[in-house]
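Listed below are the residues making up each chain.
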Amino acid sequence: MPDTMVTQNKTRESSLVVDDRENGLFRVNRKAFLDEEILHMEREKIFNRCWLFLGHASELPNPNDFVTRNVGGKELIFNRDRKGEFHAFLNTCPHRGAMVERQESGNSIAFKCFYHGWAFNNNGNYATRHQKGTYPENFNHDGCANLIPVKLEQYRDFFFVNYDDGANSLDSYLADAKIIFDLIDQHGPDGMEVVGGAQKYSIRSNWKLLMENSYDGYHALDTHETYFKYLTEAIGGPAEMPKVTNVMNLKNGHASIEGDAPWGRPVAKWIPAWGENAKSEVEEIKREVVSRVGAERANRICQLGRNTGIFPNLVINDIMAITIRTFYPVEPGVMNVTAWALGVKGEKRDFRKRRLDNFLEFLGPGGFATPDDVEALESAYRGYAAYKLAPWNDISRGMSRGQGEPFKADDEEQMRCFWREWDRRMGGE
Amino acid sequence: MANQNQAANAAVEQPMSRSAYEDFFFEEAAMLDEWRLEEWLALFTEESVYEVPRAGAPDTADSAEDLFYIADNYFRLGHRVKRMLDKAAHAEWPRSIQSHLISNVRITGSDEKGVHVTCRFITKRAKNDVTDTYAGHHNYILRTIDGKLKILSKRTFLASDSLRDQGKVTIIL
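In short, a report on the structure. (Residues numbered from 1 in each chain as written. Chains lettered and ligands numbered in written order. Predicted model: local features only at pLDDT ≥ 70, side-chain atom pairs only at ≥ 80, totals over all residues.)

A look at the environment of Glu37(A)
Formally: Helix and strand definitions follow DSSP, with helices as H or I runs of at least four residues and strands as E runs of at least two, each counted in order from the N terminus.
Inspection of the secondary structure assignment puts Glu37(A) in helix H2 (residues 36–47). Sequence-wise, Glu37(A) and Val337(A) are 300 residues apart; in three dimensions their C-alpha atoms are separated by 22 Å.

In structure tokens, the structure reads:
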């Protein structure tokens, strides 16, 4: 397990992270959010070294399908060639750099640069005819005129890229986080698909705060008071956060919190607001899941929700709906966020609508909850301007629990998993 | 027969003058600018919808198939208003300052649901020393019920390809 060198029971102190195991204190210096130099190091040591989420197989259902997107600060094409093989290429012409595909998505057997007309098959091979004598006879013998491929691997239907040729496999990188993908993959008999496009927005704050926030069980009732008021009306009873929760250290900086939350789940937990007709449908969906995976696992899939952070910048929240969310720092105080909804392949229109409604009620830039998270992240960022006078964020909650006493979702162990990995990578190996 | 006649009578809503719809939109804009949101909610009926599809989505976008920003039925819209007026809606507290401009009003048709009217908009929202601009068009379906013009459907289409500039849609556009 070369990626898991976190010393589990030893106090460690760097200039930015204090991990004091003896006294149960964990602190992060606010400079980590503000400093241009630190962002530069993060690009080199984290975003250029870690596996980054690229896309989901369902986005490219047919041969020759493509999408373009920015991943880890680089413009990419994610596509399938004529044979249906998946590829990832840098979306930059090897000739002089312009983007060879400028549409967000489409179906194309070739990519052609608009600048000088260089063309490429969708397997990346240079496919331009020139008059004899224009270039040397053996031009492109070294592949210099082909689209530049990016290291691409998949786990189930999730595709990741890595800009480090020497990186370990995605499989070893994801480590125990694979169980999260396994659970999601079993929501439906035919797997999952990305539903109806992406929400693309921005937050005027540091990217690491969104990772913390995405599995922060502690903030829910304060930050999201108005969502819980809504939920109380929608479910016709008190909306309380779960008493019994599970915190999973998934290794390599990945972590997840799990619990039985008060909202309805499209798979497959009914609430009164959905009506009696939906009740029997939800029960039918649950029966199908039970028949496929057994009662115990079905309960985990249907009843329990999970907020998961995959280091460094992928969030998979399987809560009142499933969102895949990734984000990248434009500058220390600005991040671009892209979020997708994942749904069960082949689910009925009514259910798809309910799933999307559930998503929008909480999640996204027009939801009843995400905008308040954004306000908190932006507010914190403004506060960090005083970091020399108020230098430390406290992330100690629950750290001093006795040996053997499990962490709770409203502790902050999941964030400590992130920060220990961040500190390890930033500190040099 | 009586029912059929009624249905026939309800079949097509007769459009009013364009300026009557303009006046209605100007009044709606004033309610939003002035945070008179309960009054604004009273413009809707229990069958109404208020939707904001993703930036750049076509007019045909369907909230049962596409991921929107907002897809409110009357129940959720009622809560949206309640929430906006609640100090615990942190994104809108302290309250943002807004200016809704409406232009290019056109009657585009009428059917059994009501009169279809479209207009362009520019909405400015200022908070935390940042002013964001939202621009696009609204598609309305309007009908006179008990002598009052009501919004059966308001769908807001942003003329942009993302929310990278604004980050959020925490106000009524």
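Notes on the packing of helix H8 (residues 276–293) of chain A against helix H9 (residues 295–302) of chain A
Residue and element names in this part refer to chain A. Note the following rule: Axis lines are fitted through C-alpha atoms, for helices just across the contact stretch, and the angle between N-to-C directions can take any value from 0 to 180 degrees. Any angle that falls under 35 degrees is termed roughly parallel, while one over 145 is termed roughly antiparallel, one within 65 to 115 roughly perpendicular, and all others oblique. For any helix crossing, the convention is left-handed if the near helix is rotated counterclockwise from the far helix by under a right angle, and right-handed if that rotation is clockwise. In this description, any two residues whose backbone-derived C-beta atoms lie within 7 Å of each other are considered to be in contact. Ten residue types, Ala, Val, Leu, Ile, Met, Phe, Trp, Tyr, Cys and Pro, are classed as nonpolar, four, Asp, Glu, Lys and Arg, as charged, and the remainder, Gly among them, as polar.
It is at 7 Å that the axes of H8 and H9 come closest, and there the two elements cross at 135°. Looking at the two axes, H8 sits oblique to H9. Viewed along their axes, H8 and H9 form a crossing whose handedness is right-handed. On H9, the residues touching Lys286, Val289, Val290 and Val293 of H8 are Ala295, Arg297, Ala298, Ile301 and Cys302. Its residues placed into classes, the contact of H8 with H9 shows seven nonpolar, no polar and two charged.

Focus: the sheet that holds strand S17 (residues 314–318) of chain A
Residue and element names in this part refer to chain A. Threshold: Paired strands, in this sense, are two strands between which DSSP finds at least two bridges.
Strand order in the open sheet formed by seven strands is S13-S19-S18-S17-S16-S15-S14, with antiparallel pairing between adjacent strands. If you trace the sheet from one side to the other, it starts and ends with strand S13 (192–203) and strand S14 (245–251), each paired once. With strand direction ignored, the average angle separating the axes of adjacent strands in the sheet is 15°. One ladder, built from nine bridges, connects strand S18 (residues 322–331) with strand S19 (residues 334–344); its direction is antiparallel. Paired with Glu331 across the two strands is Val334, which belongs to S19. Contacts from helix H4 (residues 178–185) reach S13, strand S15 (254–259), strand S16 (305–310), S17, S18 and S19, with the element oriented near 45° to S17.

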